[in-house]
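# Coordinate analysis (summary)
So you can see what is in the structure, the chains are spelled out below.
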Amino acid sequence: MLIVMKLDSPKEHLDKVLSKAESNNCKPHIIYGTTKIAIGLTGETRTLSLDDFMTMDSVLDAMRISKNYKLVSREVKDETIIKINNKIIGDGVLQIIAGPCSVESKSQLFDIAGELKEMGITFFRAGAYKPRSSPYAFQGLKEKGLELLAEVKNEFGMSIVTEAKDTDTLNQVGEVADIIQIGARNMQNFSLLERVGELNKPVFLKRGLASTIEDLLMSAEYIVSKGNFNVILCERGIRTFETATRNTLDLNAIPVIKQQSHLPVFVDPSHGIGMWDKVTPMAMAAVAAGAHGLMIEVHNRPDEALSDGFQSLTPKNFKQLLNKVKPIAEAVNKQFDINC
Ligand code: PEP
Ligand code: MN
C-alpha cells in the first residue's frame, strides 16, 4: 500500500500515519520526493482499508500497489538521484564507471587509474573478490585487492566500485567501496541482498544471467525494503540461444525499467557482448536508449589480463568510445562531463 502525503506535512500528521501502520503490523518506509512524501507500507496490508488513511490530515492519496515489487516501483517516487562524492547518478546525467575486470597488481591499477583520471573518469571499477564460473579461474586478490583499491582512492581521489561476493566479506568490501557491486551470479543471493540493504552505501545490482526484468526489480526490492534506497540497476546481458556473442545485451530492459521503476539503470556492454571491438556500438546504443550510465572494462594490457581481457578496451580505445558516446548523450539531453 502507498500513502501519499503533502511535502510540508507537520510531524504530528506524519506520526499518526506511521503509528496507524505500525499498530497494524505493517512496516512504513518513508520516501521524500521533490513534491510529495510517499509512505510505502509492506507486510499485512490487507487488513487496512484505504479510507482509514484517506481521512487523515495531510494525506493526499492512498492506493494499493498490485505489482510484486513495491518500493522500487515508479508509483512510489519519480526518480532516484544518488549523490556520491559530489557526483550525481540518475536524473539527466550520463555517468561512466570504468576500470579493469579484476585487481591484479598495484602497477596495473595505477597505470589504468592514471589514464582514466586524465579523461575525467571519477568512478573506478575493479574486482577484488571475483565469483568465477570455474573454480580454477583467477578468484581475485581478495583482501590484498581491497588494499590496492584503497590506495587508488587515496592517490587519485576516484570513487571505487567493487564487488561483494558473500556476506562474510561484505563489511570489508564496504569499507573501501563507494558503490558495492552485486554481480550477476549473486543477483538472487537473498541473504547478501538483505545485508547490503542494511548498509548505508549505494549498491550496483547487476541483472542475473537468466533473470527477467521483474526478477531484477524484485531483487532490488529486497535491498530497498531493508532501508537502502540507493540502488543502481545494471543490464549486463542475458543468456539466450545465440552463441555468436558472450551474452545478449537486452537493451529492451532500459525503457522498460525506466517506466516501471524510479531507480537509475546502467548498461555494461563489456559483459553484454563480450568482444572488445564491439563494445563501442553497444555503448552508443545503450545511451541512445536512455541508460543513466555505462560500466566499461578497460585494461592497459588486455592480452595479459587475468580475467575478461578479450572484452577489455585499452585506454586509447576507451577514449574513442567516449568520443562516440558524447554526441549521443547530447542528443538525448544527458549531461556528460567527461573531457574526452
Ligand atoms: C564484472 O563486473 O566483472 C562481473 C563479474 O560482472 P557480472 O557479474 O555481470 O558477470
Ligand atoms: Mn569482468
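Residues numbered from 1 in each chain as written. Chains lettered and ligands numbered in written order. Predicted model: local features only at pLDDT ≥ 70, side-chain atom pairs only at ≥ 80, totals over all residues. Heavy atoms only, no water.

Interface extent is often summarised as the accessible area lost during association of the parts. Split into domains, the protein comes out as domain 1 (2–63) and domain 2 (82–331). Measuring from the centre of the C-alpha atoms in domain 1 to the corresponding centre in domain 2 gives 35 Å. (Domains from an automatic or database assignment.)

Before going further, it helps to spend a moment on the site of ligand 1. Close to ligand 1 lie Cys 101, Arg 125, Lys 130, Gln 181, Gly 183, Ala 184, Arg 185, Lys 206, Arg 236, His 271 and Glu 297, which account for all nearby residues. Lys 130 is positioned such that a nitrogen or oxygen atom in its side chain is 2.9 Å from an oxygen atom of ligand 1. The side chain of His 271 places a nitrogen or oxygen atom 3.3 Å from an oxygen atom of ligand 1. Starting from 300 Å² of accessible surface for ligand 1 in isolation, the protein chains cover 96%. (Near = heavy atom within 4 Å. Polar contact = N/O pair within 3.5 Å; in protein donor to acceptor, adjacent residues only side chain to side chain. Areas by Shrake-Rupley, 256 points an atom, 1.4 Å probe, with all protein chains shown as cover.)

Around the manganese ion (ligand 2), the donor atoms from the protein are Cys 101 (SG), His 271 (NE2), Glu 297 (OE) and Asp 308 (OD), and they sit 2.1 to 2.4 Å away. Look at where the donors of the manganese ion (ligand 2) fall in the sequence and you get C-x169-H-x25-E-x10-D. You can see Cys 101 sitting in the loop between β7 (95–99) and α3 (106–118) and its partner Asp 308 sitting in the loop between β14 (293–297) and α11 (315–331), a full 207 residues away along the chain. On the basis of relative accessibility, which here comes to 8%, the residue Asp 308 falls in the buried class. (Donors = N, O, S within 2.8 Å, 3.2 Å for Na, K, Ca; no water. Helix = DSSP H or I, 4+ residues; strand = E, 2+ residues; numbered from the N terminus. Buried < 20%, exposed > 50% of the residue type's maximum accessible area, 1.4 Å probe, protein only.)

Applying the stated criterion across every chain yields a total of three aromatic pairs. Here the aromatic rings of Phe 204 and Phe 266 are separated by 5.6 Å at their centres, their planes lie at 85 degrees, and the arrangement is edge-to-face. Here Phe 204, found in strand β11 (residues 203–206), pairs with Phe 266, found in strand β13 (residues 265–267); they are 62 residues apart in sequence, far enough to count as distant. Each member of the pair, Phe 204 as well as Phe 266, carries the same accessibility label: buried. Here the basic side chain of Lys 106 rests over the ring of Phe 110, its NZ or CZ set 5.0 Å away from the ring centre. (Phe/Tyr/Trp six-rings, centres within 6.5 Å; stacked < 30°, edge-to-face > 60°. Lys NZ or Arg CZ within 6 Å of the ring centre and 35° of its normal.)

Here we take up the sheet that holds β7. As summarised here, the arrangement of the eight strands in space is β7-β8-β9-β10-β11-β12-β13-β14, forming a closed barrel in which the pairing is parallel. Strand after strand, the sheet turns through a mean of 25 degrees between neighbouring axes, direction not considered. The sheet contact formed by strand β12 (residues 231–235) and β13 spans three bridges and is parallel. Within β13, the position partnered with Leu 233 by the bridge is Val 265. In this fold helix α8 (residues 253–260) packs onto β12 and β13, with an angle of close to 170 degrees to the strand it touches most, β13. (Pairing = 2+ DSSP bridges. Axes fitted to C-alpha atoms, helices over the stretch in contact; angles between N-to-C directions. Contact = heavy atoms within 4.5 Å.)

Positive phi values are uncommon outside glycine, yet Asn 86 reaches one of about 70 degrees. Turning to its location among the elements, Asn 86 is positioned in the loop between β5 (82–84) and β6 (87–89). Phi angles above zero are rare outside glycine, and Asp 308 is one such case at about 55 degrees.

Right, let's talk about the pattern of salt bridges for a bit. Applying the stated rule across the entire model yields twelve salt bridges. A salt bridge links Glu 44 to Arg 46, with the shortest nitrogen-to-oxygen separation between them at 3.1 Å. Put simply, Glu 75 and Lys 67 hold a salt bridge, and the shortest N to O gap is 3.5 Å. Several salt bridges converge on common partners, so that one network encompasses Arg 207, Glu 235 and Asp 250. (Salt bridge = Lys/Arg side-chain N within 4 Å of Asp/Glu carboxyl O.)

Taken together, Leu 7, Ile 30 and Tyr 32 make up a surface patch of nonpolar side chains, about 280 Å² in accessible area. Among the structural elements, Leu 7 can be located in the loop between β1 (2–6) and α1 (11–23). Exposure remark for Leu 7: the relative accessible area of 40% places this residue in the partly exposed category. (Patch = residues over 30% accessible without salt bridge, like charges linked within 9 Å, V, L, I, M, F, W, Y side chains within 5 Å.)

Moving on, we come to the environment of Leu 14. Take Leu 14: it is sitting in helix α1. In this structure the C-alpha to C-alpha distance between Leu 14 and Asn 25, which are eleven residues apart in sequence, comes to 17 Å. Ignoring anything within four residues of it in the chain, the contact list for Leu 14 reads Met 5, Tyr 32, Ile 37 and Ile 39.

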